Amino acid sequence: MQNPGAAMRAGRGELLPMANTEQPNASCSDVATLDHFSDIERRHACKTLRLHDFCGFARCRRTHRCTGDPRRCFQTHGAAVPQDVRTFAEKLLVAARYDSVRPGEGWRWLSEVYPRETEAFDMWNARFAERR
C-alpha cells in the first residue's frame, strides 16, 4: 500500500524537479530580504521572481505563488535568481508606489533608470516560458 501522505506532499502524485539553490558565492547578506516592504509586497516579489519554482513546499509549487513566509523565501531561494533580476523586482515595487502617486510614471522611470535590469528580468521570464 502506498503512503498517502507522500503523494500529497509531491502534489497529485507527480515528482517535481528541485533546483539546487546553493551557490558558493551567494550568502544570505547578498540576497535582499526586502525588509522595507510589506508582506503583501514581498509575496508579489516572490511571485514575480518565480521563487515558487524553487520552493520545497508542494503548495507553493502547485499554486504558483508563495504561501509561506516571503522573508524566508527570499533568504532561502533568492540566491538562485541573478542579482539584476532581484534588483528589478525591488525597483518594480518602488515604481508601483511611485505610480500610485503619479499614474503612468512608475514604469517609465523603471525602464529609463534600470534598462539592464529590465532586460535581465525579461530574459529570466523567457527562460520559464520555454519550460511550459
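### Side note on the confidence of the model for the chain
Confidence along the chain averages 74 in pLDDT terms, with 73% of residues attaining 70 or more. The spread of mean pLDDT over the elements of the chain runs between helix α1 (residues 4–10), the lowest at 42, and helix α7 (residues 115–130), the highest at 88. Counting interchain partners and residues more than four positions distant, the pLDDT-below-50 stretch residues 1–31 has 36 contacts.

### Side note on unusual backbone geometry
Backbone geometry places arginine 50, a non-glycine residue, at a positive phi of 60°. One can find arginine 50 in the loop between α2 (39–49) and α3 (58–63). Here the phi dihedral of histidine 64 falls at roughly 60°; this positive angle occurs in a residue that is not glycine. Tracing the backbone shows histidine 64 in the loop between α3 and α4 (70–77). Look at histidine 64 and you get partly exposed, because its relative accessible area is 42%.

### Topic: the nonpolar core
Counting residues in hydrophobic clusters, the biggest one holds 24 residues, and the most contacted among them are Leu49, Leu51, Phe74 and Val85. Put simply, the parts of the chain that give this core at least two residues each are α2, α4, α5 (83–101) and α7. When residues of this core are assigned to their parent elements, the largest contribution, 6 residues, is made by α5.

### Examining the pattern of salt bridges
Here the structure, examined in full by the defined rule, presents 7 salt bridges. Two residues, aspartate 53 and arginine 50, come together in a salt bridge whose shortest N-O distance is 3.2 Å. Each member of the pair, aspartate 53 together with arginine 50, is buried. With a shortest N-O distance of 3.2 Å, arginine 116 and glutamate 117 are connected by a salt bridge. The exposure class assigned to arginine 116 is exposed, which follows from its relative accessible area of 52%. Looking at glutamate 117, the relative accessible area reads 8%, which means it is buried. Overlapping salt bridges bring together Asp84, Arg116 and Glu117 as one network.

How each quantity is defined
Residues numbered from 1 in each chain as written. Predicted model: local features only at pLDDT ≥ 70, side-chain atom pairs only at ≥ 80, totals over all residues. Heavy atoms only, no water. pLDDT = per-residue confidence, 0-100. Helix = DSSP H or I, 4+ residues; strand = E, 2+ residues; numbered from the N terminus. Contact = heavy atoms within 4.5 Å. Buried < 20%, exposed > 50% of the residue type's maximum accessible area, 1.4 Å probe, protein only. Core = buried A, V, L, I, M, F, W, Y, C linked by side-chain atoms within 4.5 Å. Salt bridge = Lys/Arg side-chain N within 4 Å of Asp/Glu carboxyl O.

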